[in-house]
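One-letter residues, chain by chain:
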Amino acid sequence: MTLLVPVLLWFSAIGCGLIAGLYFAFSTFILQAFDRLGPERAAEAMNAINVRIQRSLFMPLFLGTTLSGLALAVIGLVHLRDPGGGAMLAGGAIHVLGMFVVTMVFNVPLNNALVARGTEAWPLYLRRWLLWNHIRTLASTIASALFIVAIAAG
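These numbers were taken from a predicted model, which means no experiment stands behind them.

What counts as what
Residues numbered from 1 in each chain as written. Predicted model: local features only at pLDDT ≥ 70, side-chain atom pairs only at ≥ 80, totals over all residues. Heavy atoms only, no water. Helix = DSSP H or I, 4+ residues; strand = E, 2+ residues; numbered from the N terminus. Buried < 20%, exposed > 50% of the residue type's maximum accessible area, 1.4 Å probe, protein only. Contact = heavy atoms within 4.5 Å. Core = buried A, V, L, I, M, F, W, Y, C linked by side-chain atoms within 4.5 Å. Phe/Tyr/Trp six-rings, centres within 6.5 Å; stacked < 30°, edge-to-face > 60°. Salt bridge = Lys/Arg side-chain N within 4 Å of Asp/Glu carboxyl O.

Draft legend 1. Examining the side chain of Asn50 more closely. Tracing the sequence through the fold places Asn50 in helix α2 (residues 39–53). The exposure class of Asn50 is buried, given its relative accessible area of 12%. Aside from chain neighbours lying at most four places away, what touches Asn50 is Asn111 and Tyr125.

In structure tokens:
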């Protein structure tokens, strides 16, 4: 356990930071650029990304940080009074709920609707997907920072 917690913290801090950066890019310029292409090309581009991302190095990072965040939340809960325990608990919970659960409950169904309805779905898709993506960006950023706090406290 002595080595496991620092490894999980470092992996989670870096992984959440990388994920936050990707989500930040989508929130701040990628989807706006797609939108300028028009609904048909925008939907086509987003659908292509959604297919490709499932076969990329992003997926092990996405799933890995979810599992490590969950583990750190449990470890933090058990060691709540220890230095960094609260930060581990909060960081893990925020990442799992604000990134993973939001993705699965909101972003993935919106992606599926975009595939099914294409151009027709784009305007509503853009607005709703971006809202939930902003939340994922914020959650991943906060989780990364809290994992760094836990590293510093240890």
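Having put the structure on the table, let's press on.
Draft legend 2. Region of the structure containing the nonpolar core. Counting 16 residues, the largest nonpolar core has Leu31, Phe34, Met46, Leu114, Trp122, Tyr125 and Trp129 as the members making the most contacts within it. Contact partners of Leu31, with chain neighbours within four places excluded, come to Phe26, Met46, Trp122, Leu126, Trp129 and Leu130.

Draft legend 3. Layout of the packing of aromatic side chains. Across all of its chains, the model carries 7 aromatic pairs by this definition. Taking 5.6 Å as the distance between ring centres and 35° as the angle between the ring planes, the aromatic pair formed by Phe58 and Phe62 counts as tilted. Of the two residues, Phe58 and Phe62 are both situated in helix α3 (residues 58–78); the distance of 4 residues between them amounts to about one turn of the helix. Phe62 carries the same exposure label as Phe58, and that label is buried. Taken together, Tyr23, Phe58, Phe62 and Phe100 form an aromatic cluster joined through their ring pairs.

Draft legend 4. Molecular detail of the pattern of salt bridges. This model, assessed by the stated rule, comprises 1 salt bridge. With a shortest N-O distance of 3.2 Å, Arg117 and Glu120 are connected by a salt bridge.

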